[in-house]
Amino acid sequence: MRIVVDNKLCTGCETCLSSCPYDAIVLKDDKAFINEYCQLCRACLEVCPEGAIKEIETGVGVEDTTDRDSFRGVWVFAEQRDGRIADVSFELLGAGRRLADAREAGLSAVLFGADNSEAERLIHWGADRVYHSEAPVFEHFNDEPYVELLSRLISEHRPEILLTGATPTGRSFFPRVAARVGTGLTADCTSLEIDSETGNLLQVRPAFGGNIMATILCPYRRPQMATVRPRVMKKGQYDKTGTGEILKIKADDIQSKTRVTETIKEVSETMVNLQEADVIVAGGRGLGKIEGFQMLQELAGLLGGAIGASRAAVDEEWIPYSHQVGQTGKTVCPKIYIACGISGAVQHLVGMQSSDIIIAINKNPDAPIFNVANYAIVGDVYEVLPVIIQKLKEVKGI
Amino acid sequence: MKIIVCIKQVPDTAEVRINPETNTLIRDGVPSIINPFDLHAIEAGLHLKSELGGTVTVLTMGPPQAEDALREAISMGADEAVLLTDRAFAGSDTLATAYTMSSAVRTIGFDIILCGKQAIDGDTAQVGPEMAEFLNIPHVAYVGKFEEINAGMLRVQRLMDEGYDVVETSVPVLLTVVKELNQPRLPSLKGKMKAKKSVIKKLTHPDIGTEEKNLGLAGSPTQVKNIFAPEAKKDRKVLTGTPGEQAAQLIEELKSLKCI
Ligand SMILES: Cc1cc2nc3c(=O)[nH]c(=O)nc-3n(C[C@H](O)[C@H](O)[C@H](O)COP(=O)(O)OP(=O)(O)OC[C@H]3O[C@@H](n4cnc5c(N)ncnc54)[C@H](O)[C@@H]3O)c2cc1C
Ligand SMILES: Nc1ncnc2c1ncn2[C@@H]1O[C@H](COP(=O)(O)O)[C@@H](O)[C@H]1O
């Protein structure tokens, strides 16, 4: 896709110039010209009184340097910390199975570090094959050895699609792998599908601070690489009787210029709770004061839930950052998310909109949070919540 | 010690709103700012310089007006600024950006390269690690604290989901930094004066020895297919009435869903 100016229609009126957040429109020979700094945000499309600014499909991109068809299969790079595989890996095996089926190909997992029983869990969660290295160099996460071995495996086995979690480790070493094998990488995808016509991977991700969603393609290079945040995809089927092969990979020759000397855990109770809780009661600036969170705490207590917050509430210092939900906070996916006095800015929505049931309480009937809510309560949190708490207590006989 | 800080000029996304009807961004004078994480990278560069000596060079790849960002960095205390600008860089994705930037830092010379954790317009966090790969040097992402620094070795804390790792790395190295690392200083008056007078060095494609086929749109493996607005939920129930009635309806709904 590209944004271009139709010179025949452009009158040089300059209306579009100020619409561009990137200052990418300049006047050239009395016509608007969109220069190389266009980020495809489309802000200019509507403003042109002549309709001279257009969006066009483009086929250009890197030339077809790799033999695309020789790449087959979907791979999930499974992250482990302290020898335990992170849940996001199982979620990706769920998504990976769908993609593999659509491509009529196999699903493999790659595991560095951890022991054989963990490799077996990957098979129970749906992998047909696991490439597993138990080399000591993988005990802690260091980018270089991870990059080295994964790149070698890619060159040898040529997967078509390669996924991992958008966690601090995934986001740190996957870009290097992409650069080494010379392919594209799409960060923080919220949806992955196969284009039935071309067989390409359609990678959807939030862009521009989450204000818009973009579909990204990597049409001419392989593998197609993507990271996905934890809790965005649903886990696949767990089958204790599932079978598959585990291939042991040697990595004795691999070294690292960085060295982890210590790993420190600083998990507060709330952080764990937040991402694992079935119910999250979240508060925003609409609570108006720190005491509002005591009311949320009471409700959360009754529902066995955890406390979330918008960035505005965190910025007000009503609650610590570890509770923040959204683009720069945690991504959560509870069964019930209750948003109290949260407007529903996209940066917040991207962190919670895949929750099963969303209940929103807001004074403003036009608040965007209602666009994602299953249950919309237009009202004052200080009038509605106390009654809800009261009624819940009655139900529970407290 | 030659320290390079990569900074990007971005629109302040906090100010950007979307028009839900037309699915386009409303600009309304959204200011251009230095990517917030890059301010922490600049501060880190100045700190490393004060400990190890040397110079801090700020580098940006962007349009001519990105000079403003570079001058702001000089007013904070950077020694020199380089603007990487060329029509051939048009439409670069992260891989092409990292390729171009790494060629530039190789031309300039470096010991330590600092980047922000991510740029707030794209939030990809890929350019830093990809640059390190092109330069064939180690990198540490999400640096939240310097524990020990000397000319040959850095010991830093890398923030993880559940705490942090202490990582030792040799120099040359590339670090991407998070906001926990420091508090960026404000420009000084003297700095502002210096910024006004400073000559910004410009580098183009021929200056940095890049290969044309790896630049811009042609060198970008990823393409944007389309852009759309986040979807609204379809099965929405509006609970009406007095607060008491609303609460009662909600409890009934939750009961019927077996949530309570
Ligand atoms: C790069 C970037 C990253 C960001 N990351 C995040 C993120 O991770 N998470 C996040 O949450 N935000 C994030 N934001 C901020 C986001 O854009 C919003 O500013 C923020 O989410 C707003 O929080 P809020 O909904 O609590 O406050 P507001 O937008 O001020 O909304 C308050 C709401 O409360 C309602 N209200 C007021 N009083 C009452 C009452 N008595 N009863 C009921 N309703 C009431 C109002 O109608 C209003 O809708 C980010 C922004 C940027 C630029
Ligand atoms: N065009 C650019 N010019 C200078 N630095 C950049 C540019 N793009 C990205 N960076 C650096 O790379 C970091 C990560 O950016 P990104 O990968 O786009 O999220 C930023 O914080 C900057 O330090």
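Residue positions are counted from 1 within each chain, in the order its sequence is given. Just so you know, chain letters begin at A and ligand numbers begin at 1, following the order they were written in. Given that this is a predicted model, residues contribute local features only at a pLDDT of at least 70 and side-chain atom pairs are listed and counted only at 80 or more, while totals for whole chains, interfaces and linings are drawn from all residues. As a convention, hydrogens and water are excluded, and side-chain values are obtained from all of the structure's heavy atoms.

Observations concerning the overall build of chain B
- Comment: elements are numbered from the N terminus, with helices defined as DSSP H or I runs of at least four residues and strands as E runs of at least two. Along its length, chain B carries six helices and 15 strands.
- Reported as C-alpha extents along the three principal axes, the dimensions of chain B are approximately 70 × 40 × 40 Å.
- Using a 1.4 Å probe on the protein chains alone, a residue whose accessible area is under 20% of its type maximum counts as buried, one over 50% counts as exposed, and one in between counts as partly exposed. Going through the 260 residues of chain B one by one, you find that 55% of them count as buried.
- Should any heavy atoms of two residues lie within 4.5 Å, those residues are considered in contact. A sequence separation of at least 24 residues applies to 70% of the contacts in chain B between residues at least 6 apart.
- Carbon and sulfur atoms make up 52% of the accessible area of chain B, which amounts to about 10700 Å² in all.
- Note that His is not counted, nor are the chain ends; the positive residues are Lys and Arg, and the negative ones are Asp and Glu. Throughout, a charge is located at the NZ atom of Lys, the CZ atom of Arg, the CG atom of Asp or the CD atom of Glu. The distance from the centre of the 29 positive side-chain charges to the centre of the 34 negative ones in chain B is 4 Å. Per-residue and other accessible areas follow the Shrake-Rupley method at a 1.4 Å probe size, with only the shown protein chains counted as cover for residues.

Concerning the sheet that holds strand 8 (residues 107–112) of chain A
Residue and element names in this part refer to chain A.
- Only strands that DSSP links by at least two bridges are regarded as paired with each other. Reading across the sheet, the seven strands line up as 11-15-10-5-8-9-16 and stay open at both edges, with parallel pairing between neighbours. In this open sheet, the two strands that pair with only one neighbour each are strand 11 (185–189) and strand 16 (245–248). With direction set aside, neighbouring strand axes in the sheet form an average angle of 20 degrees.
- Bridge count for strand 5 (residues 74–78) against strand 10 (residues 161–165) is three bridges, and the pairing is parallel. Angles run from 0 to 180 degrees between N-to-C directions of axes, and those axes are lines fitted to C-alpha atoms, restricted for helices to the stretch in contact.

As for the site of ligand 1
- Contacts to ligand 1 come from 26 residues, most closely from Arg285, Ser310, Thr328, Ser343 and Asn362 of chain A.
- With respect to ligand 1, its neighbouring residues span chains A and B.
- With the chains in place, 85% of the 990 Å² that ligand 1 exposes on its own is no longer accessible.
- Broken down by secondary-structure element, the contributors of at least two residues to the shell around ligand 1 are helix 7 (311–315) and helix 8 (346–349) of chain A. Note on terminology: near, applied to a residue and a molecule or strand, indicates that one of the residue's heavy atoms is within 4 Å of it.

Concerning the interface of chain A and chain B
- Counting residues at the interface gives 103 residues for chain A, matched by 91 residues for chain B.
- By convention, the term buried area covers the 1.4 Å-probe accessible surface removed from two parts as they join, with the contributions of both added. Interface area, chain A with chain B, both sides summed: about 8600 Å², of which 57% is carbon and sulfur.
- The term salt bridge refers to a side-chain nitrogen of Lys or Arg lying within 4 Å of a carboxyl oxygen of Asp or Glu. The tally of links between chain A and chain B comes to five salt bridges.
- Across the pair Arg176 of chain A and Glu133 of chain B runs a salt bridge, and its minimum N-O distance is 2.9 Å.
- Polar contact is defined as a pair of N or O atoms within 3.5 Å, subject to the rule that within protein one atom must be able to donate a hydrogen and the other to accept it, and that residues adjacent in sequence are counted only when both atoms are side-chain atoms. Linking chain A with chain B are 30 residue pairs in polar contact (both at pLDDT 80 or more), by the criterion used here.

Things to note about the site of ligand 2
Residue and element names in this part refer to chain B.
- Neighbouring residues of ligand 2: 17 residues in total, closest Cys6, Asp38, Ala119, Thr124 and Ala125.
- The backbone of Cys6 places a nitrogen or oxygen atom 2.7 Å from an oxygen atom of ligand 2.
- In the environment of ligand 2, an oxygen atom lies 2.8 Å from a nitrogen or oxygen atom belonging to the backbone of Ala125.
- For ligand 2, whose accessible area on its own is 480 Å², the fraction buried by protein is 96%.
- Elements represented by at least two residues in the shell around ligand 2 include exactly strand 6 (55–61) and strand 8 (112–116).
- Classification convention: Asp, Glu, Lys, Arg as charged; Ala, Val, Leu, Ile, Met, Phe, Trp, Tyr, Cys, Pro as nonpolar; all other residues, Gly among them, as polar. Taken together, the residues of the shell around ligand 2 sort by class into nine nonpolar, six polar and two charged.

Observations concerning unusual backbone geometry
- Each neighbour pair has its own omega, and for Arg222 of chain A with Pro223 of chain A the value is -5 degrees, a cis peptide bond.
- Its place among the elements puts Pro223 of chain A in the loop between strand 14 (212–217) and strand 15 (224–228).
- Residues Val171 of chain B and Pro172 of chain B are joined by a peptide bond in cis, for which omega reads 5 degrees.
- Inspection of the secondary structure assignment puts Pro172 of chain B in the loop between strand 11 (163–170) and strand 12 (173–177).
- Although it is not a glycine, Asp123 of chain B sits at a positive phi angle of roughly 55 degrees.
- Among the structural elements, Asp123 of chain B can be located in the loop between strand 8 and helix 4 (127–135).

Quick look at the sheet that holds strand 13 (residues 201–207) of chain A
- Across the sheet, which stays open at both edges, the four strands sit in the order 12(A)-13(A)-14(A)-14(B) with antiparallel pairing between neighbours. Of all strands in the sheet, those with a lone pairing partner are strand 12 (191–194) of chain A together with strand 14 (223–228) of chain B, marking the two edges. Strand-to-strand twist in this sheet, taken as the mean axis angle between neighbours without regard to direction, amounts to 25 degrees.
- As defined by bridge partners, strand 13 of chain A adjoins strand 14 of chain A across five bridges and the pair is classed as antiparallel. In the sheet register, Pro206 of chain A faces strand 14 of chain A, and the bridge partner there is Met213 of chain A.
- On the sheet, helix 1 (residues 87–102) of chain A packs against strand 12 and strand 13 of chain A and is oriented at approximately 15 degrees with respect to strand 12 of chain A.

Considerations on the packing of aromatic side chains
Residue and element names in this part refer to chain A.
- Put simply, two rings from Phe, Tyr or Trp (the six-membered ring, in Trp's case) pair if the centres are within 6.5 Å, and we call them stacked under 30 degrees between planes, edge-to-face over 60, tilted for the rest. If you walk through the whole model with that rule in mind, you get 14 aromatic pairs over all chains.
- Ring plane angle 55 degrees and centroid distance 5.7 Å describe the contact between Phe77 and Tyr146, whose orientation is recorded as tilted. Residue Phe77 is located in strand 5, and its partner Tyr146 is located in helix 3 (residues 143–157); the two are separated by 69 residues in the primary sequence.
- Owing to a relative accessible area of 2%, Phe77 belongs among the buried residues under this scheme.

Thoughts on the domain arrangement of chain A
All names here are of chain A.
- Marked domain ranges trace back to an automatic or database domain assignment. Entries for chain A in the domain assignment read domain 1 (1–56), domain 2 (65–248) and domain 3 (274–396).
- Just the C-alpha atoms count here: the centres of domain 2 and domain 3 sit 33 Å apart.
- Across the contact, nine residues belong to domain 2 and 12 residues belong to domain 3.
- Counting across the interface, domain 2 meets domain 3 through one salt bridge.
- Of the charged contacts, one joins Asp356 and Lys234 as a salt bridge, the two residues approaching to 3.6 Å between their closest N and O atoms.
- Applying the counting criterion to the domain 2 and domain 3 interface returns two residue pairs in polar contact (both at pLDDT 80 or more).

A closer look at the nonpolar core
- Nonpolar cores were defined as sets of buried Ala, Val, Leu, Ile, Met, Phe, Trp, Tyr and Cys residues, with membership established by side-chain atoms within 4.5 Å. Formed by 37 residues in total, the largest nonpolar core has its most connected members in Val5, Ile7, Ile42, Val58, Leu114 and Phe146 of chain B.
- The contact partners of Phe146 of chain B, leaving out residues within four places of it in the chain, are Ala44, His47, Leu48, Arg155, Val156, Leu175 and Leu181 of chain B.
- Among the nonpolar cores identified, the runner-up in size contains 35 residues, and Leu302, Ile307 and Leu385 of chain A together with Ala247 of chain B belong to it.

Observations concerning the environment of Val30 of chain B
- Inspection of the secondary structure puts Val30 of chain B in the loop between strand 4 (24–26) and strand 5 (32–34).
- What makes Val30 of chain B buried here is its relative accessible area of 3%.

Examining the state of the cysteines
- Two cysteine sulfurs form what is called a disulfide whenever their separation falls within 2.5 Å. By the definition in use, this model includes zero disulfides over all chains.
- No disulfide involves Cys48 of chain A; its sulfur sits 6.0 Å from that of Cys13 of chain A, the nearest cysteine.
- Sulfur of Cys6 of chain B: no disulfide; nearest cysteine sulfur belongs to Cys115 of chain B and is 3.9 Å away.

Overview of helix 6 (residues 292–303) of chain A
All names here are of chain A.
- Residue count minus one, scaled by 1.5 Å, sets the expected span of a helix. Across its 12 residues, helix 6 extends 17 Å between first and last C-alpha, which sits within 8% of the 16 Å expected from 1.5 Å per residue.
- On its buried face, helix 6 is in contact with strand 18 (279–283), strand 19 (306–309), helix 7, strand 20 (336–340) and helix 9 (381–396).
- At the C-terminal side of helix 6, Gly304 shows a positive phi close to 65 degrees.

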